[in-house]
Structures are given as C-alpha cells and as structure tokens.
Amino acid sequence: MASDEVESSARYQKALDALSSLITKRSLFVNKNQSHRFHLLFHYLKVLELEEAVSELKIIHVAGTKGKGSTCTFSESILRGYGLRTGLFTSPHLIDVRERFRLNGIEISQEKFVDYFWCCFHKLKEKTSNEIPMPTYFCFLALLAFKIFATEQVDVVILEVGLGGRYDATNVIQKPVVCGVTSLGYDHMEILGHTLAEIAAEKAGIFKSGVPAFTVPQPDEAMHVLNEKASKLNVNLQVVEPLDSSQRLGLQGEHQYLNASLAAALCSTFLQKIGIEDTNDLNLTNGLPERFISGLSNAYLMGRAMIVPDSELPEEIVFYLDGAHSPESMEACATWFSQQVKERNQKRSEQILLFNCMNVRDPNLLLPRLRTKCTDQGVEFKKAVFVPNMSVYNQVGGSWSKSEQRVDDDSTTWQLGLKRLWDNLARGEAKTTSRSSDSKEEEKSLVFSSLPLAVDWLRDSARRKSKQVRFQVLVTGSLHLVGDLLRLIKK
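Cut-offs applied
- Residues numbered from 1 in each chain as written.
- Predicted model: local features only at pLDDT ≥ 70, side-chain atom pairs only at ≥ 80, totals over all residues.
- Heavy atoms only, no water.
- Helix = DSSP H or I, 4+ residues; strand = E, 2+ residues; numbered from the N terminus.
- Buried < 20%, exposed > 50% of the residue type's maximum accessible area, 1.4 Å probe, protein only.
- Contact = heavy atoms within 4.5 Å.
- Areas by Shrake-Rupley, 256 points an atom, 1.4 Å probe, with all protein chains shown as cover.
- 1 Å grid on protein atoms, 1.4 Å probe; cavity = no way out; pocket = protein on both sides within 12 Å on 5 of 7 lines; lining within 4 Å.
- Points joined across faces, edges and corners; volume = space filled by probe spheres on them.
- Nonpolar A, V, L, I, M, F, W, Y, C, P; charged D, E, K, R; others polar.
- Phe/Tyr/Trp six-rings, centres within 6.5 Å; stacked < 30°, edge-to-face > 60°.
- Pairing = 2+ DSSP bridges.
- Axes fitted to C-alpha atoms, helices over the stretch in contact; angles between N-to-C directions.
- Expected span 1.5 Å × (residues − 1).
- Parallel < 35°, antiparallel > 145°, perpendicular 65-115°, else oblique.
- Left-handed = near helix turned anticlockwise from the far one by under 90°.
- Right-handed = clockwise from strand over helix to strand, strands pointing away.
- Salt bridge = Lys/Arg side-chain N within 4 Å of Asp/Glu carboxyl O.

### A word on the overall build of the protein chain
Part 1: Each helix and strand in the protein chain was counted, giving 18 helices and 14 strands.
Part 2: The 491 residues of the protein chain split such that 55% are buried.
Part 3: Nonlocal contacts in the protein chain, meaning residues at least 24 apart in sequence, comprise 77% of its contacts between residues at least 6 apart.
Part 4: Carbon and sulfur atoms make up 48% of the accessible area of the protein chain, which totals about 21900 Å².

### Concerning empty space enclosed by the protein
Part 1: A complete count under the given rule lists three cavities of 30 Å³ or more for this structure.
Part 2: Within this model, the second largest cavity holds a volume of roughly 50 Å³.
Part 3: Considering the residues around the second largest cavity, the lining is formed by Arg37, Leu40, Tyr44, Pro133, Met134, Pro135, Thr136 and Cys139.
Part 4: Sort the elements by how many residues they give to the lining of the second largest cavity and helix α2 (residues 31-47) lands first, with three residues.
Part 5: Partitioning the lining of the second largest cavity into residue classes produces six nonpolar, one polar and one charged.

### Structural notes on the environment of Ala200
Part 1: Mapped onto the elements, Ala200 comes out in helix α8 (residues 196-203).
Part 2: In this structure Ala200 comes out as buried when scored by relative accessible area, which is 0%.
Part 3: Expressed as a C-alpha distance, the spacing of Ala200 and Gly185, which sit 15 residues apart in the sequence, is 8.8 Å.

### So, the packing of aromatic side chains
Part 1: For the structure on display, the rule yields 20 aromatic pairs.
Part 2: Relative to Phe113, the ring of Tyr12 lies with its centre 5.7 Å away and its plane at 80 degrees, an arrangement referred to as edge-to-face. Taken together, the positions of Tyr12 in helix α1 (residues 2-20) and Phe113 in helix α5 (residues 110-126) put the pair 101 residues apart, joining distant regions of the chain.
Part 3: On the basis of relative accessible area, Tyr12 is assigned to the buried category, the value being 5%.

### Some points on the sheet that holds strand β9 (residues 306-309)
Part 1: Reading across the sheet, the six strands line up as β9-β10-β14-β11-β12-β13 and stay open at both edges, with mixed pairing between neighbours. Two strands lie at the open edges of the sheet, namely β9 and β13 (445-447), each paired on one side alone. Adjacent strand axes in the sheet meet at a mean angle of 20 degrees when their direction is disregarded.
Part 2: Pairing of strand β12 (residues 381-386) with β13, which is carried by three bridges, proceeds in the parallel orientation. Bridge pairing links Ala384 to Ser445 in β13.

### Looking at helix α17 (residues 451-464)
Part 1: Given a rise of 1.5 Å per residue, 14 residues ought to cover 20 Å, and the 20 Å separating the end C-alpha atoms of α17 matches this to within 8%.
Part 2: When α17 is considered as a whole, its buried residues turn out to be Leu451, Pro452, Ala454, Val455, Trp457, Leu458, Arg459, Ser461 and Ala462.
Part 3: Just beyond α17, the residue with positive phi is Ser466, at close to 50 degrees.

### Overview of the packing of helix α4 (residues 68-80) against helix α11 (residues 290-298)
Part 1: Close contact between α4 and α11 brings their axes to 8 Å; oriented N to C, the two are set at 135 degrees. Relative to α11, the element α4 is oriented oblique. Relative to α11, the crossing made by α4 is right-handed. Residues Phe74, Ser77 and Ile78 of α4 pack against Arg291, Phe292, Gly295, Leu296 and Asn298 of α11.
Part 2: Taken together, the residues of the contact of α4 with α11 break down into four nonpolar, three polar and one charged.

### Some thoughts on the sheet that holds strand β6 (residues 178-181)
Part 1: Read across the sheet, eight strands follow the order β4-β3-β2-β5-β1-β6-β7-β8 without closing on themselves; strand pairing throughout is mixed. Sheet topology places β4 (106-107) and β8 (237-239) at the edges, where each strand pairs with a single neighbour.
Part 2: Looking at chain direction, strand β2 (residues 86-89) and strand β5 (residues 156-160) are connected through four bridges and run parallel. In the sheet register, Leu88 faces β5, and the bridge partner there is Ile158.
Part 3: With respect to the sheet, helix α9 (residues 220-232) is in contact with β6, β7 (213-215) and β8, its orientation differing from that of β8 by roughly 150 degrees.

### Quick word on the pairing of β12
Remark: a regular strand shows side chains that alternate across the two faces of the sheet.
Part 1: Of the pairings in the sheet, the one linking strand β11 (residues 349-355) to β12 comprises five bridges and is parallel in character. Along β12, the bridge assignment pairs Leu354 with Val385.
Part 2: In terms of handedness, the path from β11 via helix α13 (residues 363-376) over to β12 forms a crossover that is right-handed.

### Looking at the pairing of β11
Part 1: Most of β11 is tucked away: seven of the seven residues are buried.
Part 2: By the alternation rule, side chains of β11 split into Ser349, Gln351, Leu353 and Phe355 and Glu350, Ile352 and Leu354, which are all buried.
Part 3: Across seven bridges, the pairing between β11 and strand β14 (residues 470-476) is parallel. Each residue of the ladder has a partner; that of Ser349, found in β14, is Arg470.

### Description of unusual backbone geometry
Part 1: The amide bond that connects Ser91 to the next residue, Pro92, takes the cis arrangement and shows omega of -5 degrees.
Part 2: Within the fold, Pro92 resides in the loop between β2 and β3 (101-103).
Part 3: Phi at Asn234 takes a positive value of approximately 55 degrees, unusual for a residue other than glycine.
Part 4: As for its position among the elements, Asn234 is in the loop between α9 and β8.
Part 5: With a relative accessible area of 62%, Asn234 lands in the exposed category.

### Details of the pattern of salt bridges
Part 1: For the structure shown, the criterion picks out 19 salt bridges.
Part 2: Notably, a salt bridge pairs Glu312 with Arg463, separated by 3.0 Å at the nearest N-O pair. A residue pair is termed long-range when its members are at least 10 positions apart, and Glu312 in the loop between β9 and β10 (317-321) and Arg463 in helix α17 qualify at 151 residues.
Part 3: A cluster of three or more residues bridged by salt bridges with shared partners is formed by Asp310, Glu312, Arg459, Asp460 and Arg463.

And the structure:
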C-alpha cells in the first residue's frame, strides 16, 4: 500500500512539473497578444475534441473584480442542494491546484486529475508548432476544467473568470445559461485599463446575445458601460440588492450579503431555464426557498474570512485569514477582522498584521485603508510583519524543501517599502493624535526574509508571554500568502 501511495504521489508531482512548464511571466500578456491567444483557444478545443461537449454544458459564468469566488461558491452550494451534479472552476488555488476543480463540492482526486491532465497535455503537445504553441498556464487549466466537467457529465458548471472577461480563457464558451458580474473596482489595471469604464467593458465581455445577466449596484461610470454593452446584445441585465442581514451565510463579512444575493438570482434563473423549478416557486421577493437558505448557510470557501488556530500553539495564536488584495476588499477585510476582535476577546489579546501584496498592486491604496478602517473600529495593531510569499513563481503545488524556504535578503526590497509606508502612517497618526512619535513607533513593524521565520518569531513571542496574551494575527494582502501560511501550519 505504501509503495502505491509513493508511486501515485510521484505521478502527481510529475504532472505538476509539466503544468509548471506552461507558466509565463505576466509581462507577456500585453494587450496586443490577448486577442491572438484567446482565438487559439478555439483551436485547442478542436484538438481536444471538446467543441460539441462544451457547447452542451449548462454554465453559469461569473466575472467581476471582487466577490467572484464567493458568488460562485454560494451558487454551487445552492444548486448541489437541488440534487444537481455540480462542477465548480475557480482561481487561484491556495494549497493544491486541484482546489480549482470541484465535483459536487469536493476537489478532484489526484488519480483523476493526473489522468485528465496527461490526456489533455499529450494531445495538445502533439499538435504544437511555431505558429501554435502550447496553451499558457491558465488557458490550459480552463481547457482541463472543460475536459473534466464534460467527461464527468455534470448538470451545471459554475465558471469563475480568471482575469477580465472579454479575452479570458473561460470566455471561449458560446452560450451560458446565465451570467453574473460582481462588484467592480480597480485591479489588474496594467491589463484591463485604468478607468472603471475600461474595466467594466472588459468584464462585460462575457455577455452573450440574449443570455440573461445580473449584477450588483456599481459606480455610475461602470454601470453605464454594463448597460450599454447589455443593450447592444439584447441582454436583460438586472441589478440585485443585498440579502437581508438576518440570513445566515456560510461565508463571513457584511459584503457577502451582496454576493449571496447575486448567487440567488443566478441560481433562480438557472433552475427556471433548465426546467427544474417554475417561476412561482422561485419568486425571491417572497423570501428565499428552503434549499437556497440551506445552500447559502453551508457554503465554504478556503482563504476568505477564515479563522485558524495555530497548529503548535492553538491557545496563544489564532490566524485570521483573508486573501483581500483590492482597496474595497481590504476595507471589507478590516471590518470583518475588527468585528471578530470585538466578539472574541475573552482574554487579553494583541492584534498583529502579517502582510504582503504582489508588486503589481499599489500598497498606498491598501495599507492606509486597512489601518484606518481598523483604527476607526478601535483595533490597533501591536506589530505589523511584512514577508515575501513562499510560492515559487514558476512552480505549482508540491511541498517546499528547506532551501526553498530561505529567501535572499535582496528579495525583501519590496517588503522594506511596505514597512516604510506603514511606519509613515504610524507617524502621521501619532502627530494628529498628539502622541509622541519616538523610536518605539519604529519598532512596531518588522520585515522577515521568509514566512517560516515570521511564524517562528510569532511562536517565540507567544511563548515568552507565558499564555498571558493571545495573538490575533490578521493575514492578508495576497491569496498566495494565505495559501503559503495554510501549508506551513498544516498539521
């Protein structure tokens, strides 16, 4: 048995290594390449003999800046409650790439993943040429999702857009049952555009002629573009309002009532379109059907508003994980964390921030919002700790060796910049509140060259407090950081 497990693990690692070979630097994705790369997808579907199978899939397609993953998770949970066999494709993954492919709410097994992976990889590899290269990483994962869901004969596919919409790999589909656009904001501007109108135009790229669509209240600039695009395609675009806060949700945070409402609208339309329920049974103005209520309350999404005690010191250190990485989601994260701090302070506690963001983000739009929102609600961080992500850029999954856990000092330049920004914010606050801005303010932030070193410091600090203080550690700024921490503290 043990030898079988070793062999299975080796086969899986080999597939991950091959998948890693498809990763390219994002700088290649300049706008002039997007259209060409997108149109290659139709060729890839042909090579994989998936054209007909994909056209027969019943799909809910969701784009947006924030809340896509939550909306898709709520939708999957509701529809599974109706006895439908569900396929859920989301991104990114936190610990294992298989998280992106869920069948009936459960990530695909290693064995199935490996079989489907090599089936697609070999077929595509045979047909590559100078004109038609192998698909890039995310394109391949989207194609793999279509292969998995078509072969497994799911009743519904809930498809989360990876980036943008118009040229996203998931947009190769021609006729979804219904589309959704979650809250729009500023993210991936180097690719999607620098105004909300430009970003909205990219997201509206998932609209298809005559296919109903739903969105949430948007800034006027974005709403105007969504309406314009919908009108041109004869799309009935409706705006949903947040659910009543008395509804219990499986995903925490005030912002989730909007995501849950969007999911309910998408599922209601889906069930009517495929003839599972009639309109009268799904009149959401009369309150949610029982199976909707159950689906929303049972939804679970790793890495969002997640509370995890430390595996070594569960009483002394509790991690509050949220992969927020846009200005708006950072505020929602701060509100959620502050609420948790108020509710869970049975013993003396100290709040610590563990943060990193990718260098395509603007920390000036993230850290001030996080700090101000927490301060406004009476939460002050005793320390802020900045670390690089452990995830190796060109490697998918697997476990780290000790050498991979060490990071050169040169690579902390970005984190030192984050520290300076945080210190400046602290000094600014000290002046406005007439507190002395002495050297102690400087000691309120730290940079570590790796995440394991930061976690070691947390544990050593907690031990020195002799169980007198509980550390409440907010881990945010990057889903990759959240995933790295989960892998590190996994028992």
